[in-house]
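Observations on chain architecture
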Amino acid sequence: MSSSKSTLHGTTILAVRRGNRVAMAGDGQVTLKDTIVKHRAKKVRKIYNDKILVGFAGATADALNLFERFEAKLQQFNGNMTRSAVELAKDWRTDKVLRRLEALLVAADADHLFLISGNGDVIEPDEGILGVGSGGAYAQAAATALMHHTDLDATSLAEIAMRIAASICVYTNEEITMECL
(Lines give C-alpha, C1' and ligand atoms only; values in the text may rest on other atoms or scores of the structure.)
Protein backbone atom coordinates (compact mmCIF):
# COMPACT_ATOMS: atom_id res chain seq x y z
CA MET A 1 0.00 0.00 0.00
CA SER A 2 1.28 3.43 -0.82
CA SER A 3 1.01 6.79 0.84
CA SER A 4 0.26 8.45 -2.50
CA LYS A 5 -3.28 8.59 -3.89
CA SER A 6 -2.00 8.46 -7.46
CA THR A 7 0.10 5.32 -6.98
CA LEU A 8 -1.69 2.51 -5.16
CA HIS A 9 0.47 -0.55 -4.54
CA GLY A 10 -0.15 -3.83 -2.86
CA THR A 11 -3.21 -5.28 -4.47
CA THR A 12 -4.91 -6.33 -7.67
CA ILE A 13 -8.65 -6.24 -8.26
CA LEU A 14 -10.20 -7.40 -11.53
CA ALA A 15 -13.86 -7.30 -12.53
CA VAL A 16 -15.10 -9.00 -15.70
CA ARG A 17 -18.54 -9.01 -17.26
CA ARG A 18 -19.31 -11.62 -19.89
CA GLY A 19 -22.81 -12.46 -21.00
CA ASN A 20 -25.16 -12.30 -18.04
CA ARG A 21 -22.40 -13.01 -15.48
CA VAL A 22 -19.96 -10.77 -13.65
CA ALA A 23 -16.95 -11.98 -11.67
CA MET A 24 -14.73 -9.96 -9.37
CA ALA A 25 -11.38 -11.26 -8.16
CA GLY A 26 -8.80 -9.93 -5.74
CA ASP A 27 -5.42 -11.23 -4.74
CA GLY A 28 -4.66 -11.86 -1.08
CA GLN A 29 -1.29 -10.18 -0.63
CA VAL A 30 -0.81 -7.35 1.84
CA THR A 31 2.55 -5.61 1.82
CA LEU A 32 4.17 -3.14 4.15
CA LYS A 33 6.90 -1.39 2.18
CA ASP A 34 8.92 -4.31 0.77
CA THR A 35 7.63 -7.01 3.17
CA ILE A 36 4.67 -9.33 2.68
CA VAL A 37 2.67 -9.28 5.93
CA LYS A 38 -0.40 -11.27 4.86
CA HIS A 39 -1.10 -13.78 2.10
CA ARG A 40 -4.88 -14.33 2.24
CA ALA A 41 -6.60 -10.97 2.70
CA LYS A 42 -10.13 -10.74 1.35
CA LYS A 43 -10.38 -7.62 -0.82
CA VAL A 44 -13.63 -8.42 -2.63
CA ARG A 45 -17.02 -9.12 -1.13
CA LYS A 46 -20.75 -9.12 -1.72
CA ILE A 47 -22.87 -6.38 -0.17
CA TYR A 48 -26.48 -5.22 -0.25
CA ASN A 49 -28.15 -8.62 0.15
CA ASP A 50 -25.48 -10.26 -2.04
CA LYS A 51 -26.64 -8.26 -5.10
CA ILE A 52 -23.53 -6.09 -5.49
CA LEU A 53 -19.85 -6.96 -5.67
CA VAL A 54 -17.22 -4.56 -4.34
CA GLY A 55 -13.45 -4.65 -4.32
CA PHE A 56 -10.80 -2.19 -3.22
CA ALA A 57 -7.27 -1.13 -3.90
CA GLY A 58 -5.53 1.06 -1.38
CA ALA A 59 -5.45 1.43 2.38
CA THR A 60 -7.54 -1.27 4.06
CA ALA A 61 -9.11 0.86 6.79
CA ASP A 62 -10.03 3.50 4.22
CA ALA A 63 -11.59 0.88 1.96
CA LEU A 64 -13.65 -0.63 4.79
CA ASN A 65 -14.91 2.86 5.63
CA LEU A 66 -15.90 3.34 1.98
CA PHE A 67 -17.61 -0.09 1.83
CA GLU A 68 -19.79 0.95 4.78
CA ARG A 69 -20.59 4.34 3.27
CA PHE A 70 -21.38 2.79 -0.11
CA GLU A 71 -23.69 0.24 1.46
CA ALA A 72 -25.44 3.06 3.37
CA LYS A 73 -25.94 4.87 0.04
CA LEU A 74 -27.37 1.67 -1.44
CA GLN A 75 -29.83 1.46 1.46
CA GLN A 76 -30.72 5.13 1.03
CA PHE A 77 -31.35 4.76 -2.72
CA ASN A 78 -33.03 1.31 -2.61
CA GLY A 79 -30.17 -0.56 -4.26
CA ASN A 80 -29.77 1.84 -7.19
CA MET A 81 -26.04 1.31 -7.72
CA THR A 82 -25.57 4.12 -10.24
CA ARG A 83 -27.14 6.74 -7.98
CA SER A 84 -25.31 5.36 -4.93
CA ALA A 85 -21.95 5.43 -6.71
CA VAL A 86 -22.43 9.01 -7.89
CA GLU A 87 -23.52 10.17 -4.43
CA LEU A 88 -20.57 8.42 -2.76
CA ALA A 89 -18.14 9.98 -5.25
CA LYS A 90 -19.65 13.44 -4.61
CA ASP A 91 -19.32 12.99 -0.84
CA TRP A 92 -15.82 11.57 -1.20
CA ARG A 93 -14.66 14.53 -3.27
CA THR A 94 -16.22 17.27 -1.14
CA ASP A 95 -16.00 15.96 2.45
CA LYS A 96 -12.79 17.06 4.23
CA VAL A 97 -12.39 13.74 6.07
CA LEU A 98 -13.30 11.47 3.16
CA ARG A 99 -10.99 13.38 0.81
CA ARG A 100 -8.03 11.99 2.74
CA LEU A 101 -9.01 8.37 2.14
CA GLU A 102 -6.58 6.51 -0.08
CA ALA A 103 -8.47 3.80 -1.92
CA LEU A 104 -10.31 3.00 -5.12
CA LEU A 105 -13.56 1.06 -5.22
CA VAL A 106 -14.75 -1.26 -7.94
CA ALA A 107 -18.47 -2.05 -7.79
CA ALA A 108 -20.59 -4.33 -9.97
CA ASP A 109 -24.19 -5.44 -10.09
CA ALA A 110 -26.26 -7.30 -12.66
CA ASP A 111 -26.24 -4.30 -15.00
CA HIS A 112 -23.25 -2.05 -14.25
CA LEU A 113 -19.54 -2.09 -13.48
CA PHE A 114 -17.98 1.06 -11.97
CA LEU A 115 -14.67 2.43 -10.79
CA ILE A 116 -15.34 4.95 -8.01
CA SER A 117 -12.61 7.33 -6.88
CA GLY A 118 -12.04 10.18 -4.47
CA ASN A 119 -11.52 12.51 -7.42
CA GLY A 120 -15.26 12.33 -8.07
CA ASP A 121 -14.91 9.70 -10.80
CA VAL A 122 -17.60 7.12 -11.52
CA ILE A 123 -16.31 5.34 -14.61
CA GLU A 124 -17.97 2.45 -16.44
CA PRO A 125 -15.53 0.66 -18.76
CA ASP A 126 -16.51 0.12 -22.41
CA GLU A 127 -15.64 -3.58 -22.61
CA GLY A 128 -16.86 -4.79 -19.22
CA ILE A 129 -13.34 -5.29 -17.84
CA LEU A 130 -11.82 -3.24 -15.05
CA GLY A 131 -8.51 -3.75 -13.26
CA VAL A 132 -7.15 -1.59 -10.43
CA GLY A 133 -4.21 -1.67 -8.06
CA SER A 134 -0.57 -2.41 -8.68
CA GLY A 135 -1.33 -5.44 -10.85
CA GLY A 136 -4.55 -4.06 -12.28
CA ALA A 137 -3.16 -3.12 -15.69
CA TYR A 138 -1.62 -6.59 -16.11
CA ALA A 139 -4.84 -8.33 -15.11
CA GLN A 140 -6.95 -6.07 -17.33
CA ALA A 141 -4.66 -6.62 -20.33
CA ALA A 142 -4.76 -10.39 -19.84
CA ALA A 143 -8.54 -10.36 -19.41
CA THR A 144 -8.99 -8.26 -22.54
CA ALA A 145 -6.90 -10.65 -24.62
CA LEU A 146 -8.78 -13.65 -23.22
CA MET A 147 -12.13 -11.95 -23.85
CA HIS A 148 -11.26 -11.32 -27.49
CA HIS A 149 -9.73 -14.73 -28.22
CA THR A 150 -11.55 -17.31 -26.09
CA ASP A 151 -15.04 -18.34 -25.08
CA LEU A 152 -14.18 -18.57 -21.37
CA ASP A 153 -16.90 -17.57 -18.93
CA ALA A 154 -16.42 -14.54 -16.67
CA THR A 155 -15.19 -16.57 -13.69
CA SER A 156 -12.59 -18.58 -15.63
CA LEU A 157 -11.47 -15.51 -17.50
CA ALA A 158 -10.96 -13.52 -14.28
CA GLU A 159 -9.10 -16.36 -12.58
CA ILE A 160 -6.66 -16.90 -15.45
CA ALA A 161 -6.07 -13.16 -15.87
CA MET A 162 -5.36 -12.81 -12.13
CA ARG A 163 -2.85 -15.66 -12.26
CA ILE A 164 -1.11 -13.96 -15.18
CA ALA A 165 -0.98 -10.69 -13.21
CA ALA A 166 0.46 -12.56 -10.20
CA SER A 167 3.23 -13.95 -12.39
CA ILE A 168 4.25 -10.40 -13.36
CA CYS A 169 3.48 -8.07 -10.43
CA VAL A 170 5.49 -8.51 -7.22
CA TYR A 171 2.63 -6.96 -5.20
CA THR A 172 0.13 -9.60 -6.40
CA ASN A 173 -0.10 -13.22 -5.29
CA GLU A 174 -2.12 -16.25 -6.41
CA GLU A 175 -4.31 -16.41 -3.29
CA ILE A 176 -7.36 -15.25 -5.22
CA THR A 177 -10.76 -14.45 -3.74
CA MET A 178 -13.53 -14.64 -6.33
CA GLU A 179 -17.12 -13.43 -6.05
CA CYS A 180 -19.69 -13.80 -8.83
CA LEU A 181 -23.18 -12.65 -9.77
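Above this text is the structure in question.
Residues numbered from 1 in each chain as written. Predicted model: local features only at pLDDT ≥ 70, side-chain atom pairs only at ≥ 80, totals over all residues. Heavy atoms only, no water.

Thoughts on helix 4 (residues 154-168)
Our working definition: Secondary structure follows DSSP: runs of H or I at least 4 residues long count as helices, runs of E at least 2 residues long count as strands, and numbering of each begins at the N terminus. Multiply 1.5 Å by the residue count of a helix minus one, and that product is the helix's expected span. Throughout this description, buried means an accessible area under 20% of the type-specific maximum (1.4 Å probe, protein chains only), exposed means over 50%, and partly exposed covers the range between. The arc refers to the directions leading from the helix axis to the C-beta atoms. Here, residues are in contact when the closest pair of their heavy atoms is within 4.5 Å.
For helix 4, with 15 residues, the first-to-last C-alpha span of 21 Å sits near the 21 Å given by 1.5 Å per residue. All of the buried residues along helix 4 are Ala154, Leu157, Ala158, Ala161, Met162, Ala165 and Ala166. Looking down the long axis of helix 4, one finds its buried residues gathered within 165° of arc, a one-sided arrangement. Buried-residue contacts for helix 4 involve strand 1 (12-18), strand 2 (21-26), helix 3 (136-149) and strand 11 (177-180).

Some remarks on the pairing of strand 1
To be explicit about the condition: Two strands form a pair only when DSSP identifies at least two bridges running between them.
Extensive coverage of strand 1 is indicated by the burial of 7 of its 7 residues. Here strand 1 shows a buried face lined by Thr12, Leu14, Val16 and Arg18 and a second buried face lined by Ile13, Ala15 and Arg17. Note: strand 1 against strand 10 (residues 129-133), 5 bridges, orientation antiparallel. Directly across from Leu14, in strand 10, lies its bridge partner Gly131.

As for unusual backbone geometry
Negative phi is the rule for most residues except glycine; trans is the rule for most peptide bonds. In the Ramachandran plot, Tyr48 falls in the positive-phi region, its phi being about 50° despite a non-glycine side chain. Note on placement: Tyr48 falls in the loop between strand 5 (44-47) and strand 6 (52-58). Tyr48 sits in the buried class, given a relative accessible area of 13%. A positive phi angle, near 55°, is found at Asn49, a position not held by glycine. Along the chain, Asn49 turns up in the loop between strand 5 and strand 6. Asn49 sits in the exposed class, given a relative accessible area of 62%.

A word on the nonpolar core
Convention followed: Here the nonpolar core consists of buried residues drawn from Ala, Val, Leu, Ile, Met, Phe, Trp, Tyr and Cys, with membership extended through side-chain atoms lying within 4.5 Å.
Of all hydrophobic cores here, the largest spans 20 residues; its most connected members are Ile52, Phe70 and Ile116. The contacts of Ile52, once residues within four sequence positions are left out, are Arg45, Lys46, Ile47, Phe70, Leu74, Gly79, Met81, Ala108, Asp109 and Leu181. The next biggest cluster of nonpolar side chains, apart from the first, holds 16 residues, and it includes Val16, Ala143, Leu146 and Met147.

With respect to the pattern of salt bridges
What counts here: Every case where a carboxyl oxygen of Asp or Glu lies within 4 Å of a side-chain nitrogen of Lys or Arg is listed as a salt bridge.
In total, this model carries 8 salt bridges according to the counting rule given. Between Arg83 and Glu87 there is a salt bridge, with the nearest N and O atoms lying 3.5 Å from each other. With Arg83 and Glu87 both in helix 2 (residues 81-94) and 4 residues apart, the pair spans about one turn of that helix. In this structure Glu87 comes out as buried when scored by relative accessible area, which is 15%. Among the ionic pairs, Lys90 bridges to Glu87, the shortest N-O distance being 3.4 Å.

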